[in-house]
Amino acid sequence: MKLYSLSVHYKGATKANLLKAAYELSSFSFFQKSSIQEFMSFTSALIVERTTVGTRASVKEQEYLCHVYVRNDNLGAVVIADTEYPQRVCFTLLDKNPREADAMSKVQAELDDTKIILHKTMESLLERGEKLDDLVAKSEHLGTQSKAFYKTARKQNSCCEIM
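Here is what the cut-offs are and how they apply
Residues numbered from 1 in each chain as written. Predicted model: local features only at pLDDT ≥ 70, side-chain atom pairs only at ≥ 80, totals over all residues. Heavy atoms only, no water. Helix = DSSP H or I, 4+ residues; strand = E, 2+ residues; numbered from the N terminus. Rg over C-alpha atoms; globule rule 2.2 N^0.38 Å. Buried < 20%, exposed > 50% of the residue type's maximum accessible area, 1.4 Å probe, protein only. Contact = heavy atoms within 4.5 Å. Areas by Shrake-Rupley, 256 points an atom, 1.4 Å probe, with all protein chains shown as cover. Lys, Arg positive; Asp, Glu negative; His and termini not counted. Charge placed at Lys NZ, Arg CZ, Asp CG, Glu CD. Expected span 1.5 Å × (residues − 1). Salt bridge = Lys/Arg side-chain N within 4 Å of Asp/Glu carboxyl O. Polar contact = N/O pair within 3.5 Å; in protein donor to acceptor, adjacent residues only side chain to side chain. Patch = residues over 30% accessible without salt bridge, like charges linked within 9 Å, V, L, I, M, F, W, Y side chains within 5 Å.

Draft legend 1. The arrangement of the overall build of the chain in detail. A tally of regular secondary structure across the chain gives 4 helices and 5 strands. Helices and strands in the chain line up, N terminus first, as β-β-α-β-β-β-α-α-α. Here the C-alpha radius of gyration of the chain, 35 Å, is well above what a compact globule of 163 residues would show, namely 15 Å. Along the first, second and third principal axes, the C-alpha set of the chain runs to 120 × 35 × 30 Å. Across the 163 residues of the chain, 21% fall into the buried class. Long-range contacts, defined as pairs at least 24 residues apart, comprise 44% of the intrachain contacts of the chain with a sequence gap of at least 6. Of the roughly 12300 Å² that the chain leaves accessible, carbon and sulfur atoms contribute 58%. Distance between charge centres in the chain, computed from 22 positive and 21 negative side chains, equals 5 Å.

Written out as structure tokens, the structure reads:
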């Protein structure tokens, strides 16, 4: 039971473009590795090109089973494994959201979301602080004006005494 290749392709109008691939070729000899990797790259691209959007399929090629899933957004993934590797496990791997597949990616995504929220909160606090500074300045100005009004009113009222 062995998994040899996992690749992600973008299915264009005429051909599939390889975005990322990972290979596990330790069971092959040094002289075979490059040709096996080339075979797997070519087969993966060919299978993605021939698979309709929104479907999944399994194709037997020589002693390998190729499992493919092309999403509705033209993103396709291919797993190449031996015939003993369970098909259900392959499609579970292909269906997974990458952020949920890896615990570190999930934690990093949560940290990124928290950082964005924190930045927004800090911005709103700074805006509030600026508004508070404006209010303090206006209240000081209002206090100065009220003292001036009080002094003026006292001067004017001091000349007129009530009997």
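Draft legend 2. Spotlight on helix α1 (residues 30-50). Over its 21 residues, α1 runs 31 Å from end to end, which matches the ideal 30 Å to within 8%, given 1.5 Å per residue. Taken together, the buried positions of α1 are occupied by I36, M40, T43, S44, A45, I47 and V48. In this structure, the buried residues of α1 make contact with β1 (3-11), β2 (16-23), β3 (55-61), β4 (64-70) and β5 (75-82).

Draft legend 3. Region of the structure containing the pattern of salt bridges. With the rule as written, the count across this model stands at 2 salt bridges. As a salt-bridge pair, E24 and K2 come within 2.7 Å of each other at their nearest N and O atoms. You can see E24 sitting in the loop between β2 and α1 and its partner K2 sitting in the segment before β1, a full 22 residues away along the chain. Notably, a salt bridge pairs D73 with R71, separated by 2.6 Å at the nearest N-O pair.

Draft legend 4. Main features of the side chain of D82. With respect to the element layout, D82 can be found in strand β5. Of the buried charged residues, D82 lacks a salt bridge, with K2 as the closest side chain of opposite charge at 8.0 Å. A distance of 3.3 Å separates a polar side-chain atom of D82 from the backbone nitrogen of M1. Contacts of D82, omitting those with residues within four sequence positions, involve M1, K2, Y4, E63 and L65.

Draft legend 5. A look at a nonpolar patch on the surface. Residues L118, M122 and L125 make up a contiguous nonpolar surface patch of roughly 290 Å² in combined accessible area. Assignment of secondary structure puts L125 in helix α4 (residues 103-158). Judged by its relative accessible area of 44%, L125 falls in the partly exposed class.

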